[in-house]
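Residue-level listing of the chains:
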Amino acid sequence: MKRFRVPLTLILLVLLAMAGHRWLALGWNAWHYPAATASARTQVAVNESLAFIAAGADGIEIVDLTTHKRKILLPPAAPADRIDDVAVADGWLFALDATPPGYLMTFSLARPDLPIARVPVPVGPFSGVSAAAGVVVVSGGTSQLTLREYDRNGRLGAEVITADFGRGQPDVAVRPDGRMAAISTHTFGPDFAITFAEIQRRPLRLKPQGQLALKNAGFTEGGFKPAHFPLVAVWRGDDVYVADGGGLEMIDASDPKNPRLPLSDPSPTPAVDAVMAGGELDVLRAGPYPGVVRYRLDDSGAPILYATWRLPAGSRAAAIARHGADLLVTEHERDWQIVPPGEFSLLHPFQSTSPNPQ
């Protein structure tokens, strides 16, 4: 019987195609990735009874969380012409115009209508802002990441530390003590990771520590330009909880030079945002049936899924924030809504959804 021989060139082509599949997917998704409309309600930060919502060309929408009503809509402060991301720390509101040339502004929470400082910052597609304990970081996207200090008067320091950790940094989360940053990182080709960097003071420095690759992170559903990539980190002590294309990951960063992935809760639908409130963690999921899953953290910090809330099919939720037990959800052109805990559906039995150890 005559053997059928497969040409070597055909084998090589097949292998190259298999190896290049993720590259092709990356290029396709990056090129066709959706963008928020001009006045979409996207990112949100909460301070006590007020929510500050990035409203694009409309500026900043401030919501009274006790009445569930808009308090005021502040237009962008020139030279910025839109607001794409917001952060709150130490009595200050930080607002980012994430479209070139890019601007970072600070406002007093007591007078959010009057900018105290504004500086140009490098930005590219997917830039985020995070602040804590006297430092503020703009991730920069495909441009450089920038680190600055701010003083007790909300003014930004003249010294600027810049960094690049790969092809881009689509988001950043500063630890509440201001000493460490978890940086969402596009490392190479289709590969993404969380990079840990120590924030040093006097002199101001950003010292790289370790990096942990996340195999399912990337241009997955639910993110959008210019300032929301579906690779979002949330700190709790030395643990970092990451919402990404594969669901929820828990990273042990007690040794930031050697971060570990002890637990994950995989999901067929990508996770696009996360928020911590005491011993609870809410994770926003995208897909044809979007919604929020609520976890309770056990004594070790492991998240135990115990409740869910669903949006109508086809909804485009953007980001989430917490005010006590209530959840605020931004929904692009559909504005925002507040979800009380009674609208969540409890799972039975509660212990049936423990995350998977890695």
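Note: the structure precedes this text.
Let us look at the structure shown here. (Residues numbered from 1 in each chain as written. Predicted model: local features only at pLDDT ≥ 70, side-chain atom pairs only at ≥ 80, totals over all residues. Heavy atoms only, no water.)

Some details on empty space enclosed by the protein
Part 1: According to the stated counting rule, one finds three cavities of 30 Å³ or more in the structure shown.
Part 2: What the largest cavity holds in volume is close to 50 Å³.
Part 3: In terms of lining residues, the largest cavity is bounded by Val46, Leu65, His68, Ala321, Arg322, His323, Asp326, Leu327, Leu328 and Ile338.
Part 4: When residues of the lining of the largest cavity are traced back to their parent elements, those giving at least two are β25 (319-323) and β26 (326-330).
Part 5: In terms of residue class, the lining of the largest cavity is made up of six nonpolar, two polar and two charged. (1 Å grid on protein atoms, 1.4 Å probe; cavity = no way out; pocket = protein on both sides within 12 Å on 5 of 7 lines; lining within 4 Å. Points joined across faces, edges and corners; volume = space filled by probe spheres on them. Helix = DSSP H or I, 4+ residues; strand = E, 2+ residues; numbered from the N terminus. Nonpolar A, V, L, I, M, F, W, Y, C, P; charged D, E, K, R; others polar.)

Observations concerning the layout of surface pockets
Part 1: The space that makes up the largest pocket amounts to roughly 990 Å³.
Part 2: Every residue lining the largest pocket is counted, 33 residues in all, and those nearest its centre are Val44, Val88, Ser130, Val234 and Val275.
Part 3: For the lining of the largest pocket, the residue count by class is 24 nonpolar, five polar and four charged.

Here we look at the environment of Leu147
Part 1: Looking at where Leu147 falls in the secondary structure, it is placed in strand β11 (residues 145-149).
Part 2: Owing to a relative accessible area of 0%, Leu147 belongs among the buried residues under this scheme.
Part 3: With ten residues separating them in the primary sequence, Leu147 and Gly157 have C-alpha atoms 9.7 Å apart.
Part 4: With near-sequence residues (within four places) excluded, Leu147 lies in contact with Val135, Val136, Val137, Glu159, Val160, Ile161, Ile199, Leu204, Arg205 and Leu206. (Buried < 20%, exposed > 50% of the residue type's maximum accessible area, 1.4 Å probe, protein only. Contact = heavy atoms within 4.5 Å.)

Let's talk about the pattern of salt bridges
Part 1: Following the criterion strictly, the structure yields 17 salt bridges and no others.
Part 2: The partner of Asp177 in a salt bridge is Arg175, with the nearest N and O atoms 3.0 Å apart.
Part 3: With a relative accessible area of 34%, Asp177 lands in the partly exposed category.
Part 4: By relative accessible area, which is 14% here, Arg175 ends up buried.
Part 5: Arg296 is paired through a salt bridge with Glu280; the nearest N and O atoms lie 3.9 Å apart. (Salt bridge = Lys/Arg side-chain N within 4 Å of Asp/Glu carboxyl O.)

Describing the nonpolar core
Part 1: Among the nonpolar cores identified, the biggest contains 20 residues, and Ile194, Phe196, Leu231, Trp235, Val240 and Val242 are the most heavily contacted of them.
Part 2: Mapped onto this core, the elements with two or more residues apiece are β14 (180-188), β15 (191-200), β16 (205-214), β17 (232-236) and β18 (239-244).
Part 3: Of all the elements, β15 adds the most residues to this core, at three residues.
Part 4: Excluding its chain neighbours within four sequence positions, the residues that come into contact with Phe196 are Met180, Ala181, Ala182, Pro208, Gln209, Gly210, Trp235, Val240, Ile251, Ala253, Pro256 and Pro259.
Part 5: Judged by nonpolar contacts, the second largest core, of 18 residues, contains Ala87, Ala98, Ala117 and Val123. (Core = buried A, V, L, I, M, F, W, Y, C linked by side-chain atoms within 4.5 Å.)

With respect to the packing of aromatic side chains
Part 1: One pass over the structure, following the stated rule, counts ten aromatic pairs.
Part 2: Relative to Phe219, the ring of Phe192 has its centre 6.0 Å away and its plane inclined at 75 degrees; by these criteria the two rings are edge-to-face. In this pair, Phe192 is assigned in strand β15 and Phe219 in the loop between β16 and β17, connecting sequence segments 27 residues apart.
Part 3: Residue classification places Phe219 among the buried positions, given a relative accessible area of 15%.
Part 4: An angle of 90 degrees between the planes, with centres 5.0 Å apart, marks the rings of Phe219 and Phe229 as edge-to-face. One end of the pair, Phe219, is in the loop between β16 and β17; the other, Phe229, is in the loop between β16 and β17, and ten residues separate them in sequence. Like Phe229, Phe219 is buried.
Part 5: Aromatic ring contacts, followed pair by pair, group Tyr33, Phe126, Phe192, Phe219 and Phe229 into a single cluster.
Part 6: Directly above the ring of Trp235 sits Arg175, whose terminal nitrogen or CZ lies 5.4 Å from the centroid. (Phe/Tyr/Trp six-rings, centres within 6.5 Å; stacked < 30°, edge-to-face > 60°. Lys NZ or Arg CZ within 6 Å of the ring centre and 35° of its normal.)

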